[in-house]
Amino acid sequence: MYRVMIVDDEFYIRKSFCNRIDWTAYHMEVVGEASNGQEAYELVPVLKPDLLFVDIRMPILDGFDLTTLLMDEYPDIFIIIISAYSDFQYARKAIERGVFDYLLKPLDEQEMDKTLRRLLSRMEKKEEGEKSLNLYDFQGSQLEGQEFACFSIYEKSGQENAVHSQKILQKYLMGQGTLARVLGHNMPLCQVFCIWKDRIDLTALAAELTALVDGPWAGYDMVAGISEVYRGTQGMEKDAFLHCIAEAVSASKEKLFDTSRRIFLWASYKDDFFDISPYNTPKLAMARSALSKKDYRMARQSLVSYLMDFAWDQFQNAVIIEMIVSTVIELLFRAGWETGLIAEVQLYTNDFRRTNFILLFERAEDIRDRLCQLVEVLMDEMTSKDNSDLAQRVALYIQENYAGNLQMEELERQFFMSSSSLLLAFKKKKNMTITAYIEAVRMEKAKKLLKSGLCSVQDTAEAVGYLDANYFCKAFKRYTGSTPSKYRVEK
């Protein structure tokens with residue numbers, strides 16, 4: 001049975017979903033409900049749903065922001081957006097984010113039936129094309145007497161194209177052995193697969209994966225890491241298999257040191273010697289001392305100097321980089337607790353605290369630069385505690401740049417944070433989404449310009465950041481209840 005979760009702030013809507021639909025007819029069951037996006041986000045890893053029905057308009061965290069978070073962290077989950085608002089812009093944005101479908105309230109039973117049957121067909125086809133090894137219920141017997149190896153695939157956009165292209169994998173690896181996706185391996189940012197047969201040729205496997213990333217997946221920024229070959233034995237424990245998985249993921253991290261390659265074998269790097277002497281330096285000791293004295297200006301200077309001293313382009317092992325990053329993050333957390341800025345530290349360091357964070361970066365120097373920016377921002381905030389909080393600074397930036405580029409990518413660059421962290425922080429402080437706040441700022445400015453009688457509708461649209469005057473008119477009417485032309489005359 002496929003697991004379904006209902007996310008809507010209206011109690012009776014949730015109950016109607018549960019009771020009016022014969023879920024068993026679609027091989028589904030409702031396993032949970034949530035009254036807002038934040039509650040749903042926290043329940044997803046617990047309930048492990050296959051399908052979510054998500055309302056758009058909800059308190060705390062709305063449906064669009066919840067979708068943004070889930071599509072990045074749980075790409076296998078199917079999402080159907082539901083809303084009482086029939087604006088095409090909502091539907092288009094939802095579909096662009098990768099949701100399965102968009103349904104309007106009140107729900108039409110025939111439309112719901114059509115959607116669920118189409119979804120069931122998609123789920124069943126996906127299952128047919130995907131074999132899996134589930135670590136939650138690991139049975140080493142299927143690998144007994146067989147040679148096996150693991151390979152991980154990282155895809156930069158986060159859309160996990162490898163997961164959704166099982167048929168391509170099967171086609172290109174046909175004859176190599178039995179292929180299965182590894183579930184429950186706790187290796188975020190990449191997907192791991194296991195292949196087994198009587199005898200495995202790593203050179204041939206690497207060649208097949210090279211053909212894959214250079215062929216069908218040539219348009220995606222992908223890298224693959226391949227473990228060594230192991231032989232399954234009777235009573236083989238899960239830990240042995242986890243070690244094989246770790247090798248594959250570790251090999252893929254070598255992309256940090258060789259941007260010309262896309263396939264990496266652990267066998268080529270396992271014996272690499274790396275010197276940990278750069279890990280502790282006098283400047284790190286100076287930073288610790290400055291933090292103990294709450295001299296955050298000196299701590300900033302010492303930490304940045306500590307990071308800049310290293311010849312990052314000469315590091316050829318991800319372990320030493322992970323150690324350096326871990327040390328700096330630990331110092332920032334201690335300072336955060338002492339200054340009462342722990343929430344800010346948690347938000348700013350979110351990407352660096354993700355397992356396999358190295359896969360997010362192109363070069364070692366990019367990690368250094370991002371970490372230096374992080375240190376500078378946090379140390380400045382600790383130096384002056386009366387600084388506005390993150391949400392207020394985002395709001396101020398929007399107020400000052402309402403006519404410019406306010407896409408999430410630009411906000412990420414300005415505040416050195418991922419979109420998910422920004423969305424959660426802003427929603428928590430302002431009780432509204434960033435998108436809604438941008439629209440409110442722009443609309444209030446537009447009202448003033450129109451009221452002055454000095455600006456045409458076209459000029460007003462461009463002045464507040466809308467290149468498409470038609471879209472501006474629709475947004476203005478949705479916000480004020482009146483068209484810009486009518487508002488200009490009446491006011």
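Residues numbered from 1 in each chain as written. Predicted model: local features only at pLDDT ≥ 70, side-chain atom pairs only at ≥ 80, totals over all residues. Heavy atoms only, no water.

**Considerations on the overall build of the protein chain**
Next, step 1: In terms of helices and strands, the protein chain carries 20 helices and 12 strands.
Next, step 2: Scored against the burial criterion, the 491 residues of the protein chain give a buried share of 48%.
Next, step 3: If you take every contact in the protein chain between residues at least 6 apart in sequence, the share linking residues at least 24 apart comes to 71%.
Next, step 4: Total accessible area on the protein chain stands at roughly 23700 Å², and carbon and sulfur atoms take up 49% of it. (Helix = DSSP H or I, 4+ residues; strand = E, 2+ residues; numbered from the N terminus. Buried < 20%, exposed > 50% of the residue type's maximum accessible area, 1.4 Å probe, protein only. Contact = heavy atoms within 4.5 Å. Areas by Shrake-Rupley, 256 points an atom, 1.4 Å probe, with all protein chains shown as cover.)

**Some words on the environment of aspartate 459**
Next, step 1: Positionally, aspartate 459 belongs in helix H18 (residues 457-463).
Next, step 2: Aspartate 459 sits in the partly exposed class, given a relative accessible area of 42%.
Next, step 3: In this structure the C-alpha to C-alpha distance between aspartate 459 and alanine 469, which are 10 residues apart in sequence, comes to 8.8 Å.

**Looking at the sheet that holds strand S5 (residues 101-104)**
Next, step 1: Across the sheet, five strands lie side by side as S2-S1-S3-S4-S5; this open sheet has parallel pairing. Sheet topology places strand S2 (28-34) and S5 at the edges, where each strand pairs with a single neighbour. Here the average twist between neighbouring strands, direction ignored, is 25°.
Next, step 2: For strand S4 (residues 78-83) and S5, the ladder comprises four bridges, and the chain directions are parallel. (Pairing = 2+ DSSP bridges. Axes fitted to C-alpha atoms, helices over the stretch in contact; angles between N-to-C directions.)

**Quick look at the packing of aromatic side chains**
Next, step 1: Throughout the structure, instances matching the rule amount to 14 aromatic pairs.
Next, step 2: With a centroid separation of 5.9 Å and an interplanar angle of 25°, the aromatic rings of phenylalanine 148 and tyrosine 230 are classed as stacked. Of this pair, phenylalanine 148 sits in strand S7 (residues 147-155) while tyrosine 230 is found in strand S11 (residues 230-231), placing the two residues 82 residues apart along the sequence.
Next, step 3: Among the residues examined, phenylalanine 148 registers a relative accessible area of 1% and is labelled buried.
Next, step 4: Exposure remark for tyrosine 230: the relative accessible area of 24% places this residue in the partly exposed category.
Next, step 5: Between phenylalanine 352 and phenylalanine 361, the aromatic rings sit 5.6 Å apart at their centres with planes inclined by 15°, giving stacked as the arrangement. (Phe/Tyr/Trp six-rings, centres within 6.5 Å; stacked < 30°, edge-to-face > 60°.)

**Focus on the packing of helix H10 (residues 296-309) against helix H13 (residues 364-383)**
Next, step 1: At a closest axis distance of 9 Å, the pairing of H10 and H13 adopts a crossing angle of 175°. For the element pair H10 / H13, the angle class is roughly antiparallel. Across from Tyr296, Arg297, Ala299, Arg300, Leu303, Val304, Leu307 and Met308 in H10, the residues of H13 making contact are Arg368, Leu371, Cys372, Val375, Glu376, Met379, Asp380, Met382 and Thr383.
Next, step 2: A per-class count over the contact of H10 with H13 returns 11 nonpolar, one polar and five charged. (Parallel < 35°, antiparallel > 145°, perpendicular 65-115°, else oblique. Nonpolar A, V, L, I, M, F, W, Y, C, P; charged D, E, K, R; others polar.)

**A word on the pattern of salt bridges**
Opposite charge on two side chains permits pairing when their charged atoms draw close.
Next, step 1: Overall, the coordinates contain 21 salt bridges when judged by the stated rule.
Next, step 2: Its salt-bridge partner being lysine 253, residue glutamate 322 comes within 2.7 Å of it at the nearest N-O pair. Of this pair, glutamate 322 sits in helix H11 (residues 318-339) while lysine 253 is found in the loop between helix H8 (238-252) and strand S12 (263-265), placing the two residues 69 residues apart along the sequence.
Next, step 3: Accessibility expressed as a relative area gives 25% for glutamate 322, which makes it partly exposed.
Next, step 4: A relative accessible area of 8% means that lysine 253 is categorised as buried.
Next, step 5: Here arginine 300 ties to aspartate 380 by a salt bridge, and the two come within 2.6 Å at their closest N and O atoms. Of this pair, arginine 300 sits in helix H10 while aspartate 380 sits in helix H13, and the two are 80 residues apart along the sequence. (Salt bridge = Lys/Arg side-chain N within 4 Å of Asp/Glu carboxyl O.)

**Side note on the packing of helix H14 (residues 390-400) against helix H17 (residues 434-452)**
Next, step 1: For the pair H14 and H17, interaxial distance at closest approach is 10 Å and the crossing angle is 35°. Crossing of H14 against H17: the hand is right-handed. Where H14 approaches H17, its residues Ala395, Ile398 and Gln399 are matched on the opposing element by Ile434, Tyr437, Ile438 and Val441. (Left-handed = near helix turned anticlockwise from the far one by under 90°.)

**Looking at the pairing of S2**
Next, step 1: Two elements, strand S1 (residues 2-7) and S2, share six bridges in a ladder whose sense is parallel. Its bridge partner being in S2, methionine 5 is matched across the sheet by glycine 32.

**Description of the nonpolar core**
Next, step 1: Core analysis: the biggest nonpolar cluster contains 60 residues, and Leu307, Ile321, Phe352 and Ile367 have the highest contact counts within it.
Next, step 2: Broken down by element, this core gets its largest block of residues, 11 residues, from H11.
Next, step 3: The next biggest cluster of nonpolar side chains, apart from the first, holds 25 residues, and it includes Leu189, Cys194, Met236 and Ala248. (Core = buried A, V, L, I, M, F, W, Y, C linked by side-chain atoms within 4.5 Å.)

**Thoughts on the environment of leucine 212**
Next, step 1: For leucine 212, the position within the fold is in helix H7 (residues 202-214).
Next, step 2: As a C-alpha pair, leucine 212 and methionine 222 span 10 residues in sequence and 9.9 Å in three-dimensional space.

**A closer look at H10**
Next, step 1: Taking 1.5 Å of rise per residue, 14 residues should cover 20 Å, and H10 covers 20 Å from first to last C-alpha, within 8% of that figure.
Next, step 2: Listed as buried for H10 are Tyr296, Ala299, Ser302, Leu303, Val304, Tyr306 and Leu307.
Next, step 3: Where H10 is buried, its residues touch helix H9 (282-292), H11 and H13. (Expected span 1.5 Å × (residues − 1).)

**Regarding the environment of tyrosine 466**
Next, step 1: Structurally, tyrosine 466 can be placed in the loop between H18 and helix H19 (469-480).
Next, step 2: C-alpha of tyrosine 466 to C-alpha of glycine 404: the two residues are 62 residues apart in sequence and 9.1 Å apart in space.
Next, step 3: Setting aside its immediate chain neighbours within four residues, tyrosine 466 contacts Glu439, Arg442, Met443, Ala461, Tyr471, Phe472 and Ala475.

**Quick look at the side chain of aspartate 8**
Next, step 1: Looking at the secondary structure, you find aspartate 8 in the loop between S1 and helix H1 (11-20).
Next, step 2: When residues no more than four places from it in sequence are discounted, the contact partners of aspartate 8 are Ile13, Arg14, Ala34, Ser35, Asp55, Met58, Ile82 and Lys105.

**Details of the confidence of the model for the protein chain**
Next, step 1: Residue-level pLDDT values for the protein chain average 81, and 85% of them are 70 or greater.
Next, step 2: Low confidence marks residues 159-164, where pLDDT is under 50. Its contacts with residues over four positions away, or in another chain, come to 21 contacts. (pLDDT = per-residue confidence, 0-100.)

**A look at unusual backbone geometry**
Next, step 1: Of note in the backbone geometry, lysine 48 takes a positive phi value of approximately 50° without being a glycine.
Next, step 2: Assignment of secondary structure puts lysine 48 in the loop between helix H2 (37-47) and strand S3 (51-55).
Next, step 3: Among the residues examined, lysine 48 registers a relative accessible area of 45% and is labelled partly exposed.
Next, step 4: Of note, the phi angle at asparagine 431 is positive, near 60°, even though the residue is not glycine.
Next, step 5: Within the secondary structure, asparagine 431 sits in the loop between helix H16 (419-430) and H17.
Next, step 6: Judged by its relative accessible area of 56%, asparagine 431 falls in the exposed class.

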